[in-house]
Amino acid sequence: QVQIVESGGGLVQPGGSLRLSCEASGSSFSFNAMGWYRQAPGQLRELVAQITRGDVTTYADSLKGRFTISRDNAKNTVYLQMNSLKPEDTAVYYCHAYYSDYLNRYDYWGQGTQVTVSS
């Protein structure tokens with residue numbers, strides 16, 4: 001059974017940095033892509049960044065230049081380095097991974113980790 005576990009959230013002052021980690025365990029396959037979404041109170045969940053097995057990255061336009069996603073395929077682990085954090089980055093950050101074969105797609109989510117940017 002696949003488990004997705006995030007870590008690294010917390011409270012940080014505006015302008016500060018945090019690094020989120022996400023490890024996927026229990027899979028016998030390599031995920032097509034892993035990434036991060038976030039959801040602020042009263043808002044829809046939105047894509048933050050995604051990285052494919054081939055290291056192709058996608059970012060939300062508003063976050064380019066501040067956030068960096070990376071991946072260790074051997075460990076099925078993905079990281080999100082967040083710099084120059086702003087209060088509007090406050091949200092629950094969810095790790096996501098998916099695997100697809102010729103017939104099906106399988107999506108997996110972590111439980112979320114809270115990031116709060118406040119002075």
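Right above here is the structure, for reference.
Residues numbered from 1 in each chain as written. Predicted model: local features only at pLDDT ≥ 70, side-chain atom pairs only at ≥ 80, totals over all residues. Heavy atoms only, no water.

In spatial order, the strands read S1-S3-S8-S7; together these 4 strands make up an open sheet with antiparallel pairing. Of all strands in the sheet, those bounded by a partner on one side alone are strand S1 (3-7) and strand S7 (67-72). Across the sheet, the mean angle from the axis of one strand to that of its neighbour is 15°, orientation sign disregarded. Note: S7 against strand S8 (residues 77-82), 6 bridges, orientation antiparallel. (Pairing = 2+ DSSP bridges. Helix = DSSP H or I, 4+ residues; strand = E, 2+ residues; numbered from the N terminus. Axes fitted to C-alpha atoms, helices over the stretch in contact; angles between N-to-C directions.)

Turning next to the pattern of salt bridges. One pass over the structure, following the stated rule, counts 5 salt bridges. Asp89 is the salt-bridge partner of Arg38, the closest N and O atoms lying 2.9 Å from each other. Of this pair, Arg38 sits in strand S4 (residues 33-39) while Asp89 is found in the loop between S8 and strand S9 (91-100), placing the two residues 51 residues apart along the sequence. Relative accessible area serves as the criterion here: at 8%, Arg38 is assigned to the buried category. Looking at Asp89, the relative accessible area reads 0%, which means it is buried. As a salt-bridge pair, Asp61 and Lys64 come within 3.4 Å of each other at their nearest N and O atoms. Through salt bridges with shared partners, one network takes in Arg38, Glu46, Arg66 and Asp89. (Salt bridge = Lys/Arg side-chain N within 4 Å of Asp/Glu carboxyl O. Buried < 20%, exposed > 50% of the residue type's maximum accessible area, 1.4 Å probe, protein only.)

Next up on the list: the state of the cysteines. Going through the model one piece at a time under the given rule, you end up with 1 disulfide. Across the disulfide, Cys22 is cross-linked to Cys95 (sulfur-sulfur distance 2.0 Å). Across the disulfide from Cys22 to Cys95, rotation about the S-S bond amounts to roughly -80°, and the bridge is consequently left-handed. A residue pair is termed long-range when its members are at least 10 positions apart, and Cys22 in strand S3 (residues 18-25) and Cys95 in strand S9 qualify at 73 residues. Exposure remark for Cys22: the relative accessible area of 1% places this residue in the buried category. Using a relative accessible area of 0% as the deciding quantity, one classes Cys95 as buried. (Disulfide = S-S within 2.5 Å.)

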